[in-house]
Amino acid sequence: GYHVNARAAGLRRGETGTIAIVVIGREGQGPAAINPFYYSLLGSTCAAAAERGYEALVSFQARPEEFFGHYVARRQADGVVVIGTATNEAAWDYFRTCAEQSKGMAFWGSPFDDSVWVRSDNREAGRLAVERLARSGAGRIVFVGDTASSQRQFRERYEGYRDAMEQAGLSPVEPVISDGEDRVSQGRNAIKQMADSGAGFDGLFFACDAMALGALEELASLGIAVPDQVGVIGFDGLGSGEFSAPPLTTVQPDFAQAGMTLVDTALASGEDRPERRVKVHLVERASVR
């Protein structure tokens with residue numbers, strides 16, 4: 001009936017058998033308010049850790065008094081994966097400093113380019129969205145999202161949109177930026193803003209699915225038919241998009257690859273930690289003709 005204490009054996013080799021995963025939220029909001037995208041990413045990262053034979057130690061952090069990232073130095077984990085909203089600047093400043101002091105870290109959602117990060121192939125996402133909308137007959141395609149925000153990936157998706165528009169012989173326009181207390185309301189307000197300005201559009205590529213879902217609601221309230229009058233594509237691959245009206249076409253990262261790449265990057269040596277991109281693909285639903 002004897003069972004080997006794998007943790008104790010690992011400690012003798014300088015290993016803990018654990019990956020720490022930190023999920024950054026917005027200060028003043030609980031875990032329930034975190035973007036569902038990060039829960040998908042959390043699940044895939046936990047699965048990847050298990051596949052590598054590691055346990056996952058998960059921590060939700062939002063307030064400065066909660067910040068902790070020195071799991072490797074304290075021998076609580078062999079690597080640290082940090083994911084979550086880029087809007088919590090204090091959190092990312094803290095973990096950026098941690099990364100300067102420890103080699104066992106990997107980031108998803110970081111607003112910085114000088115730390116070890118993993119991201120979607122966001123420019124490819126812009127290309128896929130524009131090409132799909134163009135195939136549906138759209139010619140006045142608009143990107144919606146704040147390219148100057150801390151969400152560095154929004155800028156990359158716009159760059160992919162712009163390049164694809166030029167390659168298709170279409171005229172790219174400046175991104176539509178709208179205010180709102182959350183992404184859904186920003187999507188609604190973007191449609192109001194464009195409708196009030198009289199701007200013409202027959203294709204919309206949103207920087208994230210939550211904005212696109214809000215936009216679908218506002219388009220319906222204005223009597224603008226989707227996809228007959230305008231095609232709509234989001235980014236994230238949220239499962240809730242399957243139940244919108246109409247179901248939302250989206251660009252989705254390969255979550256399994258994302259989780260495995262985050263784990264591999266956190267465990268890699270300092271000499272084997274390049275910036276890494278995760279493949280994306282189009283999820284066809286009914287919001288584009």
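Residues numbered from 1 in each chain as written. Predicted model: local features only at pLDDT ≥ 70, side-chain atom pairs only at ≥ 80, totals over all residues. Heavy atoms only, no water.

## Some thoughts on the packing of aromatic side chains
Part 1: Counted according to the given criterion, the structure contains 13 aromatic pairs.
Part 2: Ring plane angle 75° and centroid distance 4.8 Å describe the contact between Phe-68 and Tyr-71, whose orientation is recorded as edge-to-face.
Part 3: Take Phe-68: its relative accessible area is 18%, and that puts it in the buried class.
Part 4: For Tyr-71, a relative accessible area of 7% gives the class buried.
Part 5: Ring centres 5.3 Å apart and planes at 75° place the aromatic pair Trp-92 and Phe-107 in the edge-to-face group. Of this pair, Trp-92 sits in helix α3 (residues 89-101) while Phe-107 sits in strand β4 (residues 105-108), and the two are 15 residues apart along the sequence. Neither Trp-92 nor Phe-107 differs from the other in exposure class; each is buried.
Part 6: Among the aromatic residues, those joined into a ring-pair cluster are Phe-37, Tyr-38, Trp-108 and Phe-255.
Part 7: In this structure, Arg-96 packs its charged tip against the face of Phe-112, placed 3.9 Å from the ring centre. (Phe/Tyr/Trp six-rings, centres within 6.5 Å; stacked < 30°, edge-to-face > 60°. Buried < 20%, exposed > 50% of the residue type's maximum accessible area, 1.4 Å probe, protein only. Helix = DSSP H or I, 4+ residues; strand = E, 2+ residues; numbered from the N terminus. Lys NZ or Arg CZ within 6 Å of the ring centre and 35° of its normal.)

## Quick look at helix α5 (residues 152-167)
Part 1: The end-to-end C-alpha separation of α5 is 23 Å, in line with the 22 Å expected for 16 residues at 1.5 Å each.
Part 2: Just past α5, the residue Gly-169 takes up positive phi, approximately 75°. (Expected span 1.5 Å × (residues − 1).)

## Section: the packing of helix α6 (residues 183-197) against helix α7 (residues 209-221)
Part 1: Between α6 and α7, the least distance of the axes is 6 Å, while the angle of their chain directions is 45°. By the criterion of interaxial angle, the relationship of α6 to α7 is oblique. Our pair here, α6 against α7, has a crossing hand that is right-handed. Across from Arg-183, Val-184, Gln-186, Gly-187, Arg-188, Ile-191 and Lys-192 in α6, the residues of α7 making contact are Ala-210, Met-211, Gly-214, Ala-215, Glu-217, Glu-218 and Leu-219.
Part 2: Per-class residue counts for the contact of α6 with α7 are 6 nonpolar, 3 polar and 5 charged. (Axes fitted to C-alpha atoms, helices over the stretch in contact; angles between N-to-C directions. Parallel < 35°, antiparallel > 145°, perpendicular 65-115°, else oblique. Left-handed = near helix turned anticlockwise from the far one by under 90°. Contact = heavy atoms within 4.5 Å. Nonpolar A, V, L, I, M, F, W, Y, C, P; charged D, E, K, R; others polar.)

## Remarks on helix α2 (residues 36-51)
Part 1: Here α2 contains 16 residues, and its C-alpha end-to-end distance of 23 Å stays within 8% of the 22 Å for a straight helix at 1.5 Å per residue.
Part 2: Of the residues making up α2, those classed as buried are Phe-37, Tyr-38, Leu-41, Leu-42, Ser-44, Thr-45, Ala-48 and Ala-49.
Part 3: Looking at the residues trailing α2, positive phi occurs at Gly-53, about 90°.

## Focus: the sheet that holds strand β3 (residues 79-84)
Adjacent strands of a sheet pair through backbone hydrogen bonds, lying either parallel or antiparallel.
Part 1: One open sheet holds the 4 strands; their spatial order is β2-β1-β3-β4, and the pairing between them is parallel. The strands lining the two open edges of the sheet, one partner per strand, are β2 (55-61) and β4. Averaged over all adjacent pairs, the angle separating strand axes in this sheet is 20°, with direction ignored.
Part 2: As defined by bridge partners, β3 adjoins β4 across 4 bridges and the pair is classed as parallel. By the bridge assignment, Val-81 is partnered in β4 with Ala-106.
Part 3: α3 rests against β1 (18-24), β2, β3 and β4 of the sheet, and its axis sits at about 150° to β4. (Pairing = 2+ DSSP bridges.)

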